[in-house]
Amino acid sequence: MSLSPSHCLSVAIDLKNGSGSLHKGPGGGKADVTLTVSDEDFMDVVQGKLNPQKAFFSGKLKVKGNIMLSQKLDVILKDYAKL
């Protein structure tokens, strides 16, 4: 999975191998799904202030690739928001 916020930061999240990892930059290999979202909107999603589906349908979140995989990120972020 690759997150590409609209400002300038690209982050690759590998959830296939081991317990997962986060890398600055595009990461190695082809991403199964690419999300494009602004820093502010991403933080709102992480903090539970913005519903990812509403963000998608309003154009704040763009998904390229396997959209079903992007729904798994919502579960992970909900667990993070509880911390």
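- Per an unreviewed UniProt entry, the protein is named SCP2 domain-containing protein, and its organism is Solea senegalensis.

### A look at the overall build of the protein
No. 1: When its secondary structure is counted, the protein shows three helices and five strands.
No. 2: For the protein, the α and β elements follow one another from N to C terminus as β-β-β-β-α-α-β-α.
No. 3: The buried share of the protein, taken over its 83 residues, is 27%.
No. 4: Put simply, 54% of the contacts in the protein that link residues at least 6 apart link residues at least 24 apart.
No. 5: Summed over its atoms, the accessible surface of the protein is roughly 5900 Å², and 57% of this surface lies on carbon and sulfur atoms.

### Describing the environment of Q47
No. 1: Within the secondary structure layout, Q47 lies in the loop between α1 (39-46) and α2 (52-57).
No. 2: Here the side chain of Q47 touches K49 through a polar contact of 3.2 Å, side chain to side chain.

What counts as what
Residues numbered from 1 in each chain as written. Predicted model: local features only at pLDDT ≥ 70, side-chain atom pairs only at ≥ 80, totals over all residues. Heavy atoms only, no water. Helix = DSSP H or I, 4+ residues; strand = E, 2+ residues; numbered from the N terminus. Buried < 20%, exposed > 50% of the residue type's maximum accessible area, 1.4 Å probe, protein only. Contact = heavy atoms within 4.5 Å. Areas by Shrake-Rupley, 256 points an atom, 1.4 Å probe, with all protein chains shown as cover. Polar contact = N/O pair within 3.5 Å; in protein donor to acceptor, adjacent residues only side chain to side chain.

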